[in-house]
Amino acid sequence: MEEMEEELKCPVCGSFYREPIILPCSHNLCQACARNILVQTPESESPQSRRASGSAVSDYDYLDLDKMSLYSEADSGYGSYGGFASAPTTPCQKSPNGVRVFPPAAPPPPAALAPPPPRNACLTCPQCHRSLVLDERGLRGFPRNRLLEGVIDRYQQGRAAALRCQLCEKAPKEAAVMCEQCDVFYCDPCRLRCHPPRGPLAKHRLVPPAQGRVSRRLSPRKISTCTDHELENHSMYCVQCKSPVCYQCLEEGKHSSHEVKALGAMWKLHKSQLSQALNGLSDRAKEAKEFLVQLRNMVQQIQENSVEFEACLVAQCDALIDALNRRKAQLLSRVNKEHEHKLKVVRDQISHCTVKLRQTTGLMEYCLEVIKENDPSGFLQISDALIRRVHLTEDQWGKGTLTPRMTTDFDLNLDNAPLLQSIHQLDFVQMKVSSPVPAPPILQLEECCTHNNSATLSWKQPPLSTVQVEGYILELDDGNGGQFREVYVGKETMCTVDGLHFNSTYSARVKAFNKTGVSPYSKTLVLQTSEVAWFSFDPASAHADIIFSNDNLTVTCNSYDDRVVLGKTGFSKGLHYWELSIDRYDNHPDPAFGVARIDVLKDAMLGKDDKAWAMYVDNNRSWFMHNNSHTNRTEGGITKGATVGVLLDLTRRTLTFSINEDQQGPVAFENLEGLFFPAVSLNRNVQVTLHTGLPVPEFYTSRSAMP
């Protein structure tokens, strides 16, 4: 249970979460800590431009933050308890984990009113550093993580920890009373300041903390309410937004057109998924424990082999008497260095594996406690993030982490055959001599290039370098000036990286490594991907009934049923436009055009499942379809020789269609996010040809230019 404690502590204050809220990035923060790290963006910068630029809050000048009022009674969470908060007037400080926080200020008199919420307030998640812009609701727009509160409550009861005040700004003091009506623990100073015995608060019942803990535990669990409609309880689950919603959200809110499912059914499904993921992680943890035992046994074996080898070496050197004495000391020194090197490598691996196992065990225990909770909406708010973390942790154990980095054997063999006059040349025959660190590789600019959204890089070692190289590490940034990440590790000196963003500038660098260490980086190379996409249809992922011709640019089908074919290139960023010309159109079929996920159904019309967004059209009219939902019937169809255009704008997250260069209907789909592949479904009565690398049509550019 001790490993799980890291999951229960706030990354800002380092204490157990108090009134935790769930951020859109799935991380948690104490409500008070979230208020303390709020900042304001400049008035001239809109939230939309801030999201588009991806700038972090850390890029903003913190020197002006002292002048800002960042508190409101609505956001404080303590308005119903009679507490008050005011804006800090002292300079911000930096906590040990690097998050800037404001020291608490003296509360205003009870008659004073809290200032309104700041305009353009935002905060940066201290764990993933994602910048989050608040709307007019402020922190009330983030849901309360009552499930996490329940886990912390049980954990503290199991440890018999002293109850702490929930309103202390810094180190919480031990609670003196608990108000049954407010459901808050107070120390004496906070009770006098925030819960005076007068007015309506005089009728509240204050009990000792231990009694309050029991009554809180026995009281019914509070039902989570909708953040958009505070008086409504969660009753359904939005599949597209992956969040619980109330019935008002379905009738009049942003979820009215989304697919929803029963809250209880999704709760059970996600619990089952998390349990299955935990089974795999549990196996990895078991293997890690066995691996740690193996590493500890290696330490003992290295010690024993070292002693045995030293004894053998001493016996051989003593046989050569005085002539070998000086050489004996040198050889022993080299053996000891090898001994220490092996021990250091194994102990470092033990330390690294122990830390990772503790983190894994903590995550497992936390997930098991989460599964015990009976709050479906609270569980579903964090289940996706936990499932991803469990899979990610399991993958981390599988990347060669359970392989020893050092052998227990000493590959040393003393040759005592030479004559006495050769004693001064005596040496180990097979001794492993550490080679120097490799020199920085040289990027071969004439062989480095980009094609579409792929980049090919080539490098070599300096011509005069004789140092042995075991492999290379190639790193690329994110195409937006962000941090470098490893994209290739191996012995080859050429690598092609696919799946990059179009119209983006990437920086690349490479370094070499051997058993001694890692070389410095090469010079950084800047690469520019294509502005527009050139691609063809993909035979590998298409249905078997699809017939390809014209270098995979023309497709038809040998079946009367609809079959799906995808493009070779996927898009996750930018503005992309392509066209499909109708080469043959017999008997008025309904071909469909649009985009899809890689795992879309291949034996049904495009748009029948939730993995495709499409427009299907006959000779008179068209419809939009996603997840078998037909919308926006529009007059105007296709014939032989017609051209269908597909415009995917992932900056605005929209999909628009055109027929013969005229927009067909309104914007077909919005809020698109993720990786999308061009897609078509057709039968044997239709043949189409793909045209790519096209500029954006006039109807879209003129609409974008409108105020």
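Residues numbered from 1 in each chain as written. Predicted model: local features only at pLDDT ≥ 70, side-chain atom pairs only at ≥ 80, totals over all residues. Heavy atoms only, no water.

Overview of the packing of helix α8 (residues 263-319) against helix α10 (residues 376-397)
Inference 1: The N-to-C vectors of α8 and α10 enclose an angle of 25°; their axes lie 9 Å apart at closest approach. The angle between the axes of α8 and α10 places the two elements in the roughly parallel class. Both α8 and α10 take part in a crossing whose hand is left-handed.
Inference 2: Looking at side-chain class alone, the contact of α8 with α10 contains 15 nonpolar, seven polar and four charged residues. (Axes fitted to C-alpha atoms, helices over the stretch in contact; angles between N-to-C directions. Helix = DSSP H or I, 4+ residues; strand = E, 2+ residues; numbered from the N terminus. Parallel < 35°, antiparallel > 145°, perpendicular 65-115°, else oblique. Left-handed = near helix turned anticlockwise from the far one by under 90°. Nonpolar A, V, L, I, M, F, W, Y, C, P; charged D, E, K, R; others polar.)

Some remarks on the sheet that holds strand β9 (residues 184-186)
Inference 1: What the three strands build is an open sheet, ordered β9-β8-β10; its pairing is antiparallel. Every interior strand has two partners, whereas the edge strands, β9 and β10 (206-207), have only one.
Inference 2: In this structure, strand β8 (residues 177-179) lies alongside β10, joined through two bridges in antiparallel fashion. Directly across from cysteine 179, in β10, lies its bridge partner leucine 206. (Pairing = 2+ DSSP bridges.)

Description of α8
Inference 1: With 57 residues, α8 extends 83 Å between its outermost C-alpha atoms, agreeing within 8% with the 84 Å of an ideal straight helix rising 1.5 Å per residue.
Inference 2: Phi turns positive, to about 55°, at isoleucine 321, one or two residues after α8. (Expected span 1.5 Å × (residues − 1).)

Some remarks on the nonpolar core
One recurring pattern in soluble globular proteins is that nonpolar side chains are buried together.
Inference 1: Leu8, Leu23, Leu123, Leu274 and Tyr366 are the most contacted members of the largest nonpolar core, which has 71 residues in total.
Inference 2: Counting only elements with at least two residues in this core, the list comes to β1 (20-22), β2 (28-30), α1 (31-36), α4 (146-159), α8, α9 (322-372) and α10.
Inference 3: By residue number, the principal contributor to this core is α8, which donates 18 residues.
Inference 4: Dropping the residues within four chain positions of it, leucine 23 is found in contact with Leu29, Leu123, Cys125, Leu132 and Phe142.
Inference 5: Membership of the second largest hydrophobic core comes to 38 residues, among which are Ile582, Val595, Val688 and Leu690. (Core = buried A, V, L, I, M, F, W, Y, C linked by side-chain atoms within 4.5 Å. Buried < 20%, exposed > 50% of the residue type's maximum accessible area, 1.4 Å probe, protein only. Contact = heavy atoms within 4.5 Å.)

Observations regarding the pattern of salt bridges
Inference 1: Scanning the model with the defined rule gives 21 salt bridges in all.
Inference 2: Close ionic contact of lysine 344 with aspartate 348 constitutes a salt bridge, the shortest N to O distance being 3.0 Å. Here the residue lysine 344 and the residue aspartate 348 both occupy positions in helix α9, the gap between them amounting to four residues, near one helical turn.
Inference 3: What makes lysine 344 exposed here is its relative accessible area of 53%. (Salt bridge = Lys/Arg side-chain N within 4 Å of Asp/Glu carboxyl O.)

Brief notes about the environment of histidine 626
Inference 1: As for its position among the elements, histidine 626 is in strand β28 (residues 621-626).
Inference 2: It is 6.3 Å that separates the C-alpha atoms of histidine 626 and lysine 608, two residues lying 18 residues apart in sequence.
Inference 3: Leave out the neighbours within four places in its chain, and histidine 626 touches Gly607, Asp609, Asp610, Ala612, Trp613 and Phe669.
Inference 4: Polar contacts involving the side chain of histidine 626 include one to the main-chain carbonyl oxygen of alanine 612, which spans 2.7 Å. (Polar contact = N/O pair within 3.5 Å; in protein donor to acceptor, adjacent residues only side chain to side chain.)

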